[in-house]
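# Structural features, examined
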Protein chains: 2
Amino acid sequence: VIFLQLSKSKFIELKCIVCGKKYPENAHSLCEACGGILTGEYKLDYPIDLTRRESIWQFREYLPPVDEPNIISMGEGWTPLVKISNFAQKIALSNSFAAHNLLCKMEGQNPSGSFKDRAASLSVSLAKQWKKEGIFLASSGNAAAATASYCARGDVKCLVLLRDDSTYSKLSQIAMYGPNLVRVRGLFKDTASLVSALKATEESLPDWLNGFIWANYNPLLLDGLKTIAYEIVAVSSPNVPTHIFVPTAGGDLIYGLYKGFLELKTLGQINEIPKMIVVQGAHPGPTVDAVEERIENGQENDDTEPTIAGALRASMISDHAVAAVRKTMGFGVKVTNEEILEAHNLVAKVDGIFCEISSSTALAAIAKSVRNGRLNKDDIVCAIATGSGFKDYRPPFNEVSQIPLADSPDSIPHVLEHIFGASA
Amino acid sequence: VIFLQLSKSKFIELKCIVCGKKYPENAHSLCEACGGILTGEYKLDYPIDLTRRESIWQFREYLPPVDEPNIISMGEGWTPLVKISNFAQKIALSNSFAAHNLLCKMEGQNPSGSFKDRAASLSVSLAKQWKKEGIFLASSGNAAAATASYCARGDVKCLVLLRDDSTYSKLSQIAMYGPNLVRVRGLFKDTASLVSALKATEESLPDWLNGFIWANYNPLLLDGLKTIAYEIVAVSSPNVPTHIFVPTAGGDLIYGLYKGFLELKTLGQINEIPKMIVVQGAHPGPTVDAVEERIENGQENDDTEPTIAGALRASMISDHAVAAVRKTMGFGVKVTNEEILEAHNLVAKVDGIFCEISSSTALAAIAKSVRNGRLNKDDIVCAIATGSGFKDYRPPFNEVSQIPLADSPDSIPHVLEHIFGASA
């Protein structure tokens, strides 16, 4: 019912994006020679079929090789690409930027509520293909929910390492899928802690796949994420966006998008690769710092309160994100908590879009870029709304009792007169 | 970017489904002659285009007439139709039913998280087409979230009448979109209270549309819901389901599905209309009672605890739901709270599907129908998963502290040995 019979994967090999050294498909590391990330290379010999179908697996020629029975899919991908014209009008300055040219890719409408489903579908399918006993990863958020759900579906064991102070609300979804959970004190304190936690787990569970969704460990998962670029082109062509604003932590999403556009350009299906814009919170924002010559805004440097964009609290510089920005002549933007919440609330109220707070960073960054003159009226701008509003929303009021109450249906007119005035 | 230019609506008129009396497009009532519901009639002269595109509006020839600039869309529709083979295997009895023949239509992946988005997109578009000042409705759940979000996007005022004891969690999403909210004591106590509340509001706000999503008031919205049937056929053909299990309150969803299949049959695009199965909680379950000759299970009659399927707590018999079941020789199933939660937890753990508790009634009803011998191994069964798991999920554990804790990355092997045994 779900899959058409499609041709085989055109995968050739893994290759370092910096020095070009080649690796076999099952490499799970950075380049031994230069430390660059690896990424899958495919034979690009005829156009990618951009006809809309049911999941990312229609693109399987450009995904790593997985035999049909090992594909674990829930219809991930093909999320809506919607205009947010009202938001655009609110943030536009005179002569800045055309309201019909602002788009939002709604990744929260994936099966488990975020873009990570594209990577998790691939990761669990590869675990089956490679006959792994289970998958482990470290995450307290979207990657854990995505991986646990696909593991459940694929009957693959799953172990999630969590931060010790994980919040109840995020864990509730993750636990529904029945993975093994272990809290680790200091898990995300720094890169060294994370690396040693993953290493200790790998040694204990040698037949399991390290499914941490980060190209340093799992370069093939970039190919799951690049499908977002294919879909944006499928729906928007010939008016392909000129700028893509991407909330960034580990950097896989922005590099995956870049890779997808690059493949389409190589095949002649687009003329230009959009500029990739890396977006982070005010603190930490190391990848934006690396991209921009100066700290964007002096006062933000003093802001030591961690960003409310929980999914973006990553302290490492993401080299492949920097590469994606440099190669497309993009830029980087940091946004404060106040700017994030303002965008988050505004887009719900004027365009009916309810996305994760971490996703709203992209919208806040677009507003800021308009103010700073970095966007102009011919630009076609796309925000990647990475997750669903349900993932971490903040209740907009504290007490149900603040809402006006009619004591019975008969007293409704009186209450309405109070709200709408005498005309009601 | 989003819409292809398609031809005009083939709408002819509204017509009573019981006596056939005809009404103009703007009728908002039951049939004056016989009390039957009205439903839109379309000129069915050539096949419906089932090629996958971006929203329900590709079917606009078979939707009520709305001019292009008045269409308010967020890419609603085209939700995944996924196999739930592991769940099927768990509930199968020997010789009962083939695991590859159980499907789930994932309506929770709509923009605001439920199937109501299909109706709300239409309702808000019609409010603009008819130059209404705003929309009001009564709901404390999915219909309110859907209508408020499309109103925000369409810049149409929105008033939501809520039950006085609305829960904080459901209201949080609704309030994000900025509608006016009024609590009404006893709003859903009985049909008379609801009718008088809507009437009082209509008198206070005569230029607003009564957007209550129920065919008794808004028969045209059935045409938004029928698109689910189109999509099921588009993706499953030629193996179209033989049975559709539908969580039912007001009855619009099951009748809308029936209507969609009926149109496809009329046009020769399917050979048979699937049997429509009406699903309700143990209490209240008036529409199942009306459909079945006997109360399904004597002991359930004594169950006066209201169903945990919050979206299905409707005390009225839905005549059009009964008609959909009768015309397709379907049946009705009530499910207890225990059966609902069992199905809800099982499908998450074995198939990675996290749906609204009210949606899990359909899965529980399928399991029960297998046990009762009402399904056999050649049947192709589809459950409508009406909403997202985020809508009302119950945390699967009470305390984060119940999760095993490693004091540092170094102590992970010790913790894992405890969980997985010495092999780890």
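What comes next is a walk through the structure.

About the thresholds
- Residues numbered from 1 in each chain as written.
- Chains lettered and ligands numbered in written order.
- Predicted model: local features only at pLDDT ≥ 70, side-chain atom pairs only at ≥ 80, totals over all residues.
- Heavy atoms only, no water.
- Core = buried A, V, L, I, M, F, W, Y, C linked by side-chain atoms within 4.5 Å.
- Buried < 20%, exposed > 50% of the residue type's maximum accessible area, 1.4 Å probe, protein only.
- Contact = heavy atoms within 4.5 Å.
- Salt bridge = Lys/Arg side-chain N within 4 Å of Asp/Glu carboxyl O.
- Helix = DSSP H or I, 4+ residues; strand = E, 2+ residues; numbered from the N terminus.
- Polar contact = N/O pair within 3.5 Å; in protein donor to acceptor, adjacent residues only side chain to side chain.

### Considering the nonpolar core
Formed by 297 residues in total, the largest nonpolar core has its most connected members in Phe245(A), Leu257(A), Phe261(A), Phe245(B) and Leu257(B). If near-sequence neighbours (up to four positions away) are discounted, Leu257(B) is found in contact with Ile228(B), Ala229(B), Ile232(B), Ile244(B), Val246(B), Met276(B) and Ile384(B).

### With respect to the pattern of salt bridges
Residues and elements named next belong to chain A. Under the definition given, this model contains 40 salt bridges over all chains. A salt bridge links arginine 185 to aspartate 164; the shortest N-O distance between them is 3.5 Å. A residue pair is termed long-range when its members are at least 10 positions apart, and arginine 185 in the loop between strand E8 (180–184) and helix H5 (191–204) and aspartate 164 in the loop between strand E7 (157–163) and helix H4 (168–176) qualify at 21 residues. In this structure, a network of salt bridges that share partners links the residues Lys105, Glu107, Arg118 and Glu231.

### Observations concerning the side chain of Asn101(B)
Residue and element names in this part refer to chain B. One can find asparagine 101 in the loop between helix H1 (85–91) and strand E5 (102–106). Since its relative accessible area comes to 13%, asparagine 101 is described here as buried. Within the structure, the side chain of asparagine 101 is placed 3.4 Å from the backbone oxygen of aspartate 379, a separation counted as a polar contact. Once residues within four sequence positions are removed from consideration, asparagine 101 is found in contact with Lys377, Asp378, Asp379, Ile380 and Val381.

### Focus: unusual backbone geometry
Glycine aside, negative phi is the norm for most residues, and most peptide bonds take the trans geometry. In this structure, Pro238(A) follows Ser237(A) across a cis peptide bond, with omega equal to 10°. Examined against the element boundaries, Pro238(A) turns out to sit in the loop between helix H7 (227–236) and strand E10 (243–247). Residues His283(B) and Pro284(B) are joined by a peptide bond in cis, for which omega reads 0°. On the secondary structure map, Pro284(B) appears in the loop between strand E11 (275–281) and helix H9 (286–291). Look at Trp78(A): it is not a glycine, yet its phi comes out positive at around 55°. With phi around 55°, Met329(A) is a residue other than glycine that occupies positive phi space. When you line up the elements, Met329(A) lands in the loop between helix H10 (319–327) and strand E12 (331–335).

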